[in-house]
2 protein chains.
Amino acid sequence: MLKNMNFIEKLRETGLRPTKQRVKICEILFNREKTFHFTINDLAKKIFEELNEKISLATVYNTVHALQKKGYLKEISINSNKSYFDTNTSVHHHFYDEDTHQLIDCDENEIETVNIKKNITGKKINSVEVLVRVASDNQNQN
Amino acid sequence: MLKNMNFIEKLRETGLRPTKQRVKICEILFNREKTFHFTINDLAKKIFEELNEKISLATVYNTVHALQKKGYLKEISINSNKSYFDTNTSVHHHFYDEDTHQLIDCDENEIETVNIKKNITGKKINSVEVLVRVASDNQNQN
DNA sequence: TCAACAGTTTAGAATAATTATAATATATAA
DNA sequence: TTATATATTATAATTATTCTAAACTGTTGA
Ligand SMILES: [Mn+2]
Ligand SMILES: [Mn+2]
Ligand SMILES: [Zn+2]
Ligand SMILES: [Zn+2]
């Protein structure tokens, strides 16, 4: 689902009825330059800021899960108390800023391809993803 | 906290009172050959199997968090609905079996050192960890 | 055009993991 | 042994998420 699209068409193509709520959520999620990493709460807050009316939390959950199922969103595991979602659905790596709790995507060229030497018989590799945890460097005030 | 230790001594050394419950939990967690990856529920179940009396869930949480704070346990993020803990507290990589929901540690030599080319000014890297998701290979029945 | 129907939204209830509370019990220092 | 700080426990509270069931809306085809 790319930038500045007709989301009504797009939703219909993927078998999702283009309701007012879904179109608005798609605009918020996908009409942007960069990858968006968010929690359900981030999204609900942004919806309320951009619209003046609010969309039910249940609908936000429903829509995010529907978009995820259709492959337009990906869930990311950073910590275990809430779900993060990502508009970049490719297999890719992240920096996680432990101070600001922000996720940053890594481009292909920023992390060398990870070489896996282990093989588990009967199992295939679905994804290989790196998480780089960073925090402010208060040590070297030199 | 190594295998077959006097956990009463060990706990006292780290400033934790060696209560009956803590000693028993340490025995279950650390008296084993291999790394133990577990959820609070896994641990609570195992406690009830090995002891005949049960330890309050609140105490299980308290003890796991106390051990984590002292550096004897590490929290792992696999999915966002429950916490996984790891008796291997070093920075290391994992295979996650999406069929069985089991975590497997990677040895140093099983994944080549990940080369990070990106630098974020003012931030230092705390850890670089790889998660390899695997699942049963039903494709090649050839 | 518009009724019919399936799919969607919604508020609120239910669930599940985790954390907080506060009374009771225990470990340890004096 | 006794006093004090800490820990355990049952239970309540909290938080994220999912479920429910009634009201609503998008779409289809007469
Ligand atoms: Mn947690
Ligand atoms: Mn989830
Ligand atoms: Zn991303
Ligand atoms: Zn591990």
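Since the structure is predicted, the reported quantities are computational estimates derived from the model, not experimental observations. (Residues numbered from 1 in each chain as written. Chains lettered and ligands numbered in written order. Predicted model: local features only at pLDDT ≥ 70, side-chain atom pairs only at ≥ 80, totals over all residues. Heavy atoms only, no water.)

Asks: Lay out the pattern of salt bridges with the relevant residues and their values.
Replies: In this structure the tally under the stated criterion is 16 salt bridges over all chains. The salt bridge involving Arg133(A) is made with Glu98(A); its shortest N-O contact spans 3.3 Å. Within this pair, whereas Arg133(A) is found in strand 6 (residues 123-136), its partner Glu98(A) is found in the loop between strand 4 (94-97) and strand 5 (102-105), the two being separated by 35 residues in sequence. Classification of Glu98(A) as partly exposed rests on a relative accessible area of 29%. Close ionic contact of Lys10(B) with Glu13(B) constitutes a salt bridge, the shortest N to O distance being 3.4 Å. Remark: Glu13(B) and Lys10(B) occur in helix 1 (residues 7-13); sequence separation between them is 3 residues, near one turn of the helix. The class of Glu13(B) is exposed, set by a relative accessible area of 57%. Each of Asp97(A), Asp99(A) and Lys123(B) takes part in salt bridges that share partners, so that together they form one network. (Salt bridge = Lys/Arg side-chain N within 4 Å of Asp/Glu carboxyl O. Helix = DSSP H or I, 4+ residues; strand = E, 2+ residues; numbered from the N terminus. Buried < 20%, exposed > 50% of the residue type's maximum accessible area, 1.4 Å probe, protein only.)

Asks: Can you break down the protein's contact with DNA strand D residue by residue, with the values?
Replies: Around DNA strand D, a shell composed of 18 residues is seen, among which Arg12(A), Tyr61(A), His65(A), Ser83(A) and Thr19(B) lie nearest. Counting only atoms of DNA strand D within 4 Å of the protein, the fraction found in sugar and phosphate groups is 75%. Arg17(B) is positioned such that a nitrogen or oxygen atom in its side chain is 3.0 Å from a sugar or linking oxygen of DNA strand D. In the model, a phosphate oxygen of DNA strand D is placed 2.5 Å from a nitrogen or oxygen of the Thr19(B) side chain. (Near = heavy atom within 4 Å. Polar contact = N/O pair within 3.5 Å; in protein donor to acceptor, adjacent residues only side chain to side chain.)

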